[in-house]
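# Coordinate inspection notes
Residues per chain are reported as follows:
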Amino acid sequence: MVVKDLIKELRQAIGKNAVKTEKEDLESYTFDATPDMPTGLPDVVVIPESTDHVQAIVTLANKYNVPVYTRGSGTNLSGGTIPLKKGIVMVMLKMNKILEIDVENLTATSEPGVIIAELNAAVAEHGLMYPPDPGSVDTATMGGSVAECSGGLRGLKYGVTKHYVMGLEVVLANGKIMTCGGKTVKNVSGYDMVKLFVGSEGTLGIITKIISKLIPAPEARKTATATFTSIDDAAQTVSGIIKSKVIPATLEIMDNVTIKTVENFLHLGLPIDAEAILVIEVDGIPEVVEKEMDAVARVCKANNGNLKIAANAAERDGLLAARRAALPALAQLSPTTVLEDATVPRSKVPDMIRAIRAVAEKYNLTIGTFGHAGDGNLHPTIITDEANTDEMARVHKAVDEIFDAAIKLGGTLSGEHGIGIAKQKYLLNEFGESGIEALKAVKRALDPDNILNPGKVVTI
Ligand SMILES: Cc1cc2nc3c(=O)[nH]c(=O)nc-3n(C[C@H](O)[C@H](O)[C@H](O)COP(=O)(O)OP(=O)(O)OC[C@H]3O[C@@H](n4cnc5c(N)ncnc54)[C@H](O)[C@@H]3O)c2cc1C
């Protein structure tokens, strides 16, 4: 009865067509891109078109005391959008306008449903770039990537989403609207609320407008692959390049399992016998690019790597496509791919790779490892099948040990995929009890009735 009344009021507030209650509509939102997660059926799906709509939805959620699960494209990899406790799934894809590109202040203002690649295409017309570049750039939304603080392929040189969010409009859990930050480069008014909402995974507020920082697009770039017969050599090359004071825009690794799988998927002529390849891109002004690629070549040679520089834009696109295809390619090998993003200081990449290989051997599992090696952010990907209970038990133990290894090496549970449901049980290892209490205190302060994405990040 309560749900029926809620649905009636939602229809009155945002229009009949923006409120979905058919079984097939609800079922489409029981899961996201994360495997091996619980599912949950929402009571209703709503598709707002404005901040006013979002405000009306949250106000009704409070009135009926039901949760709101905000959703962009559902590509997150930590179970972040799953409606664990019924309630409202709010899909942001129709709030998809780029509101302004301000070339004087180097900012873009967009609604949360804008796809990241679309923002980048729009700013490219002005010779500008929005650097955050997750592998899912063609599907993921600005809102989802701000809420996850996505990283991606350019993190090493350019940083991650939190470095590019200057201002936000947010609908709070009580239905009120707040703005924070803005177009000024400097802003130290009050607490840094922008940073607090970035990466808050839909648990502290609903992002309805984003002011992003833009930078001039680099004049030139050079992209190369380096092929290795030893993964240790590849890992040493990663730290060697940085030690030689070159910070590539992209410094990605793929191990042999990943190389073979991607080659089988895309037929790009990748060296399937190689133990590892690095995809390296340097960018900037042409003279610096030349100099940096020369330095990269020297480090690769010193570590027995075979460097091949892309001769043209098509070859470059092929190399980056190969790296972007790593996850989809591994995913077609078996019904379930469990992908993690444990991250270590970059000097510990060789140790982390060794730890992952030892875990694969110990639990007799196939683990493909690829990722943002220059950031110390690896994606060990376990190829498995949820239906195989014996293997899944080993997978869970393997994941426990991978996170354990990352924390022991001075790293973190998540470089870019967030905590969601998937990593909550490990959070204590990273924060300790007093840290967890502080996280919960923040959640309680901003969402005392636990309306926003309950059951994610921390449980209060
Ligand atoms: C093939 C593939 C490759 C990927 N590569 C990368 C990568 O290289 N780097 C990386 O960092 N990630 C990567 N990801 C993960 C994922 O794409 C990113 O986390 C992405 O930014 C999520 O965007 P989304 O629109 O799909 O958000 P969703 O999955 O819909 O939502 C993610 C989280 O944000 C919250 N949320 C969504 N919109 C809002 C809003 N407006 N206000 C408040 N909260 C909101 C949701 O509640 C949820 O907690 C990859 C995923 C896939 C499937």
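Here the residue index of a chain counts from 1 through its sequence in written order. Note on the predicted model: pLDDT of at least 70 is required for a residue's local features to be given, and 80 or more for side-chain atom pairs to be given and counted; whole-chain, interface and lining totals, by contrast, use all residues. Excluded from the side-chain calculations are hydrogens and water; all other atoms, namely the structure's heavy atoms, are used.

## Brief notes about the sheet that holds strand β4 (residues 88-91)
Two strands are said to pair when DSSP picks up at least two bridges between them. A run of H or I in DSSP counts as a helix once it spans at least four residues, and a run of E counts as a strand once it spans at least two, with each numbered from the N terminus. The mixed open sheet is built from 4 strands, whose spatial order is β1-β2-β4-β3. The strands lining the two open edges of the sheet, one partner per strand, are β1 (19-20) and β3 (68-71). In terms of strand pairing, β3 meets β4 through 4 bridges, oriented parallel. Bridge pairing in β4 places Tyr-69 opposite Val-89. Strands in contact with helix α1 (residues 2-14) are β1, β2 (44-46) and β4; relative to β2, the strand with the most contacts, it is inclined by about 10°. We call two residues in contact when some of their heavy atoms are within 4.5 Å. Here, axes are lines fitted to C-alpha atoms. For helices the fit covers the stretch in contact, and angles between N-to-C directions go from 0 to 180 degrees. The strands touched by helix α3 (residues 51-64) within the sheet are β2, β3 and β4, with β4 carrying the most contacts at an inclination of about 170°.

## Quick word on a nonpolar patch on the surface
Note on patches: the residues involved have over 30% relative accessible area and no salt bridge, like charges join within 9 Å, and the nonpolar side chains Val, Leu, Ile, Met, Phe, Trp and Tyr join within 5 Å. Each accessible area is a Shrake-Rupley result for a 1.4 Å probe, and residues are judged covered by the shown protein chains and nothing else. By definition here, a salt bridge exists when the distance from a side-chain nitrogen of Lys or Arg to a carboxyl oxygen of Asp or Glu is within 4 Å. Side chains of Phe-265, Leu-266 and Leu-268 sit close together on the surface and give an oily, nonpolar patch of about 230 Å² of accessible area. Relative to the elements of secondary structure, Phe-265 occurs in helix α9 (residues 256-266). The cut-offs for exposure are 20% and 50% of the maximum accessible area for each residue type, with area from a 1.4 Å probe on protein chains only; residues under the lower value are buried, those over the upper are exposed, and the others partly exposed. Among the residues examined, Phe-265 registers a relative accessible area of 36% and is labelled partly exposed.

## Focus on the nonpolar core
For our purposes a nonpolar core is just a set of buried Ala, Val, Leu, Ile, Met, Phe, Trp, Tyr and Cys residues, chained together by side-chain atoms within 4.5 Å. Leu-251, Leu-278, Ile-280, Val-296, Met-352, Ile-367 and Ile-382 are the most contacted members of the largest nonpolar core, which totals 54 residues. Looking at which element gives the most residues to this core, the answer is helix α14 (residues 389-408), with 8 residues. Two domains each donate at least three residues to this core, and these are domain 3 (218-330) and domain 4 (334-446). With residues up to four places along the chain from it excluded, the contact list for Met-352 reads Ala-342, Val-344, Leu-378, Ile-402, Ala-405, Ala-406 and Leu-409. Boundaries between domains were set according to an automatic or database domain assignment.

## Overview of the packing of aromatic side chains
Aromatic rings from Phe, Tyr and Trp, with only the six-membered ring used for Trp, were paired whenever their centres fell within 6.5 Å, and each pair was classed as stacked if the ring planes differed by under 30 degrees, edge-to-face if by over 60, and tilted otherwise. Under the counting rule described, the total for this entry stands at 2 aromatic pairs. On the numbers, 6.3 Å between centres and 80° between planes, the contact of Tyr-130 with Tyr-164 is edge-to-face. Here Tyr-164 lies in the loop between α6 (155-158) and β8 (165-172) and Tyr-130 lies in the loop between β7 (128-129) and α5 (142-148), a separation of 34 residues in the sequence. Residues Tyr-130 and Tyr-164 agree in their burial class; the two are buried. On the numbers, 4.5 Å between centres and 50° between planes, the contact of Phe-403 with Tyr-426 is tilted. Here the residue Phe-403 occupies a position in helix α14, and Tyr-426 occupies one in the loop between α14 and α15 (427-446), the gap between them amounting to 23 residues. Each member of the pair Phe-403 and Tyr-426 is classed as buried.

## Some words on the side chain of Thr-109
On the secondary structure map, Thr-109 appears in strand β6 (residues 107-110). You can call Thr-109 buried: its relative accessible area is 9%. In this structure, Thr-109 is in contact with Ile-98, Leu-99, Glu-100, Lys-209, Ile-210 and Ile-211, ignoring residues within four places of it in sequence.

## Describing the site of the ligand
Near is defined per residue: the residue qualifies when any heavy atom it owns lies within 4 Å of the molecule or strand. Not every one of the 35 residues close to the ligand is listed here, only the nearest: Thr-70, Gly-72, Thr-75, Ser-136 and Thr-141. Nitrogen and oxygen atoms within 3.5 Å of one another constitute a polar contact, given that in protein one can donate a hydrogen and the other can accept it, and given that sequence-neighbouring residues count only through two side-chain atoms. The backbone of Gly-74 places a nitrogen or oxygen atom 2.8 Å from an oxygen atom of the ligand. Side-chain polar atom of Asn-76 to an oxygen atom of the ligand: 2.8 Å apart, as the coordinates give it. Relative to its unbound accessible area of 990 Å², the ligand is 94% covered by the protein chains. Broken down by secondary-structure element, the contributors of at least two residues to the shell around the ligand are β3, α5 and β10 (205-213). Residue polarity is assigned by list, with Asp, Glu, Lys and Arg as charged and Ala, Val, Leu, Ile, Met, Phe, Trp, Tyr, Cys and Pro as nonpolar; anything else, Gly included, falls into the polar class. In terms of residue class, the shell around the ligand is built from 9 nonpolar, 22 polar and 4 charged.

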